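A closer look at the structure
Take a look at the letters that make up each chain.
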Amino acid sequence: MNILLLGSGGRESAFAWKISQSPLLSQLFIAPGNAGTGAYGKNVNIKPTDFAAVKDFVLKNSVNLVLVGPEEPLVKGIHDYFLADSALKDIPVIGPQESGAMLEGSKNFSKAFMRRHFIPTAASASFTLNSLSEGLSYLETHKFPVVLKADGLAAGKGVLICQTLEEAQTELIAMLQDAKFGEASNMVVIEEFLTGIELSVFVLTDGHSYKILPEAKDYKRIGEGDTGLNTGGMGSISPVPFADAAFMKKVEDQIVKPTISGLKLDQIPYKGFIFIGLMNTDGEPYVIEYNVRMGDPETESVMPRIESDFVELLLGVANENLHEKELVVSPKTAATVMLVASGYPGEYMKGKAITGLDNIRDSQVFQAGTVLEDGLVKTAGGRVLAITSLQDTMFDAVQQAVTDAGRVYYDGRYFRTDIGFDLL
Ligand code: AMP
Ligand code: GLY
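Structure report, in brief.

The local shell around ligand 2 consists of Asp218, Gly232, Phe275, Arg293, Gly295, Asp296, Pro297 and Glu298. In the environment of ligand 2, a nitrogen atom lies 2.8 Å from a nitrogen or oxygen atom belonging to the side chain of Asp218. Here a nitrogen atom of ligand 2 sits 2.9 Å away from a polar atom, N or O, in the main chain of Asp296. Contact with the protein chains removes 86% of the 200 Å² of surface that ligand 2 exposes when unbound. Tallied by class, the residues present in the shell around ligand 2 amount to two nonpolar, two polar and four charged.

Spelled out as C-alpha cells, the structure:
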C-alpha cells in the first residue's frame, strides 16, 4: 500500500523510519519531509495545510492512507475535507476530524470535556473580554502561582505561570484586551497550578478500542537541570520509571477509558493519536492538556520501542479493528537527545552544514530541521536532529545518545547532556 505522511520534523522522521520497515508498504511519501526523510521514502514538496494540493497528490499517486503528523492540518479540518469529497472519502486519514481536534485546538473545550466526563484535571474557569472584570476579581481570591492559558493554538507559547496577583492581572489584561496571543487569547483559561512531575501518555484509538503506546518523559527547558526558556522539547526518555503498573492502571481507569467513552458519548468520531500531558501529583495523575497528535521529541523515543508492525496498527485504526491488532513493546529504554541551533528557542542560526552523520552507529538519527542544499545536509530549523539510542538500561541509553550527539557537528550546535538524569 502507499502511505502519505504529512509533516517535516523529528516526529515525522521517526514515523517514516518505522513505517518504512513494514512489509505492507509499497511506497511512502512524506510532505514536505526534511533532508533525512528521503532515506525512508519520497519527499514531496507540498504544505500539509494546502488541502487541494494534498488531494491532487493523493489521487495521482494512488495513496491508500494518510498519516497526519502535526496538529495544524487536523485543527483546520483535513480529515473533514477528505470525508466531504467523493473522490477522497474512502481514503483513511489517521488523525481526528475538527470536532475531535478541538481537544487541542481549544483549552476551554478540553476543560469542559474533562469536567463533563469526570477526568482528573486542575480546577479552572474561563473568561473573555466581556467578562474581564469577573476574571480580575476571580484572580483576587486565587492561590499563587496561578496558570493563565490562551484558549487557542499559540505555537506552544500560550501558557503563563504567574507568581503574583499583580502579574496575573496584568497578563490577563494583555491577553484579553491587547490580544497578546492574537485570536488565540480571545478567551483565557485560569487554572490552578499543579505540582509534581510530568509525563506524556500516548493512546492510539479507532474510536472504539484503544492501545496505550509506550509513555515518555519530555525535557522542555533549554538548559541543563531543566532551567531557562521553554522549548519544543530537548530530549525524551521511554519508559518512565515512575509510570509503573500501578500508576499506569490509574491513568487507564481514570483518564484513558473515560476519554474514549467521553468521545463516544459526545458523538465525536476519533481515529488517531491522543497525547495526554499528565502531572503525577503525589502518585495521582492529572491531565494538563490533550494533544491530538504524537509528541516531538517523544515519538523519537516511542517508535524505536514498538516492535509490532506500525502499519498494521494504523490499518487497525482505519478499519476500526484495532482490538484485533497486537502491540508488542520492547522492555529496553530509549533515550533521545535533541541537537538544536545556536539561539534556539529565540532567533536562531540557519544554513550551517552538518557533518559527522556517518559516524553514528549505535544510535538512530532522526533529522528534524534540515534541508538538502548542493548535496550538503544543512540546518534549517531550531531543532535540527534527534539522536535516539535504545539500550538495556537507561544509563547506557542516555550515555550512548549523548556520546553520539557529540559525533555530529555544525556551527552553533547545542544539546543537553543531562536528559534522563533526574530519573536515574
Ligand atoms: P501546555 O501548553 O498546556 O502544554 O503547557 C505548557 C507547560 O506549562 C506544561 O507542559 C506544564 O509544564 C506547564 N503547565 C500547564 N498547566 C499547568 C498547571 N495547571 N500546573 C502546573 N504547570 C502547568
Ligand atoms: N514535546 C511536547 C509536544 O510535542 O507538544
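Scanning the entire structure with this criterion turns up one cavity of 30 Å³ or more. One number sums up the size of the largest cavity: a volume of about 30 Å³. Lys107, Ser110, Lys111, Lys149, Glu191, Ile288 and Glu289 together form the lining of the largest cavity. Broken down by secondary-structure element, the contributors of at least two residues to the lining of the largest cavity are helix H6 (107–116) and strand S17 (284–291). The element contributing the most residues to the lining of the largest cavity is H6, with three residues. Taken together, the residues of the lining of the largest cavity sort by class into one nonpolar, one polar and five charged.

Looking now at the sheet that holds strand S18 (residues 333–340). Pairing within the open sheet is antiparallel, and its five strands lie in the order S12-S15-S18-S22-S19. Strands at the two margins of the open sheet, each flanked by one partner only, are strand S12 (217–218) and strand S19 (364–367). Across four bridges, the pairing between S19 and strand S22 (residues 383–391) is antiparallel. Pairing of Val365 across the sheet is with Ile387, part of S22.

All right, on to the packing of helix H7 (residues 132–140) against helix H8 (residues 165–176) then. Where H7 meets H8, the axes come as close as 10 Å, and the angle between the chain directions of the two elements is 160°. As the angle between them shows, H7 and H8 are arranged roughly antiparallel. The interaxial crossing formed by H7 with H8 has right-handed handedness. Side by side, H7 and H8 meet where Leu132, Gly135, Leu136, Leu139 and Glu140 of the first sit next to Leu165, Ala168, Gln169, Leu172, Ile173 and Leu176 of the second. Considered class by class, the residues forming the contact of H7 with H8 number eight nonpolar, two polar and one charged.

Around ligand 1, a shell composed of 13 residues is seen, among which Glu191, Glu192, Leu194, Glu198 and Glu289 lie nearest. A distance of 2.8 Å separates a nitrogen atom of ligand 1 from a polar atom in the backbone of Leu194. Taking Glu198, its side chain carries an N or O atom lying 2.4 Å from an oxygen atom of ligand 1. Protein contact buries 88% of the 470 Å² of open area that ligand 1 shows by itself. Among the secondary structure elements, those contributing two or more residues to the shell around ligand 1 are strand S7 (146–150), strand S9 (187–192) and S17. Split by residue class, the shell around ligand 1 holds six nonpolar, no polar and seven charged.

The next point concerns the environment of Ile387. Position of Ile387 relative to the elements: it lies in strand S22. The class for Ile387 is buried, based on a relative accessible area of 0%. With 282 residues separating them in the primary sequence, Ile387 and Gly105 have C-alpha atoms 30 Å apart. Beyond its immediate sequence surroundings of up to four residues, Ile387 is in contact with Ala335, Thr336, Val337, Leu339, Ile360, Ser363, Gln364, Val365, Ala401, Asp404, Ala405 and Val408.

Moving on to the layout of surface pockets. Its boundaries defined by the atoms lining it, the second largest pocket holds a volume of some 290 Å³. Listed by contribution, the elements that provide at least two residues to the lining of the second largest pocket are helix H4 (78–83) and helix H9 (245–265). Here the lining of the second largest pocket gets three residues from one element, more than from any other, and that element is H9. For the lining of the second largest pocket, the residue count by class is ten nonpolar, six polar and five charged.

Time to look at the pattern of salt bridges. Close approach of charged atoms allows side chains with opposite charge to pair. In total, this model carries 25 salt bridges according to the counting rule given. Put simply, Asp85 and Lys55 hold a salt bridge, and the shortest N to O gap is 2.7 Å. One end of the pair, Asp85, is in the loop between H4 and strand S5 (93–94); the other, Lys55, is in helix H2 (residues 51–60), with 30 residues separating them in the sequence. We classify Asp85 as buried; its relative accessible area is 14%.

All right, on to the packing of helix H1 (residues 10–19) against helix H11 (residues 310–318) then. Axes are the key here: two packed helices are described by the angle between their axes and the distance separating the axes. Relative to each other, H1 and H11 sit at 105°, their axes nearing to 8 Å. Judged by the inter-axis angle, H1 sits roughly perpendicular to H11. Residues Phe15, Lys18 and Ile19 of H1 pack against Phe310, Val311 and Leu314 of H11. A class-by-class count of the residues in the contact of H1 with H11 yields five nonpolar, no polar and one charged.

Aromatic ring pairs are described here by two measures, namely the spacing of the ring centres and the angle between the planes. In this structure the tally under the stated criterion is eleven aromatic pairs. Judged by centre distance (5.3 Å) and plane angle (50°), the ring pair of Phe127 and Tyr138 falls under tilted. With Phe127 in strand S6 (residues 124–128) and Tyr138 in helix H7, this pair connects stretches of sequence that are eleven residues apart. Looking at Phe127, the relative accessible area reads 8%, which means it is buried. Here the aromatic residues Phe15, Phe273 and Phe310 are joined through ring pairs into a cluster of three or more.

What counts as what
Residues numbered from 1 in each chain as written. Chains lettered and ligands numbered in written order. Predicted model: local features only at pLDDT ≥ 70, side-chain atom pairs only at ≥ 80, totals over all residues. Heavy atoms only, no water. Near = heavy atom within 4 Å. Polar contact = N/O pair within 3.5 Å; in protein donor to acceptor, adjacent residues only side chain to side chain. Areas by Shrake-Rupley, 256 points an atom, 1.4 Å probe, with all protein chains shown as cover. Nonpolar A, V, L, I, M, F, W, Y, C, P; charged D, E, K, R; others polar. 1 Å grid on protein atoms, 1.4 Å probe; cavity = no way out; pocket = protein on both sides within 12 Å on 5 of 7 lines; lining within 4 Å. Points joined across faces, edges and corners; volume = space filled by probe spheres on them. Helix = DSSP H or I, 4+ residues; strand = E, 2+ residues; numbered from the N terminus. Pairing = 2+ DSSP bridges. Axes fitted to C-alpha atoms, helices over the stretch in contact; angles between N-to-C directions. Parallel < 35°, antiparallel > 145°, perpendicular 65-115°, else oblique. Left-handed = near helix turned anticlockwise from the far one by under 90°. Contact = heavy atoms within 4.5 Å. Buried < 20%, exposed > 50% of the residue type's maximum accessible area, 1.4 Å probe, protein only. Salt bridge = Lys/Arg side-chain N within 4 Å of Asp/Glu carboxyl O. Phe/Tyr/Trp six-rings, centres within 6.5 Å; stacked < 30°, edge-to-face > 60°.

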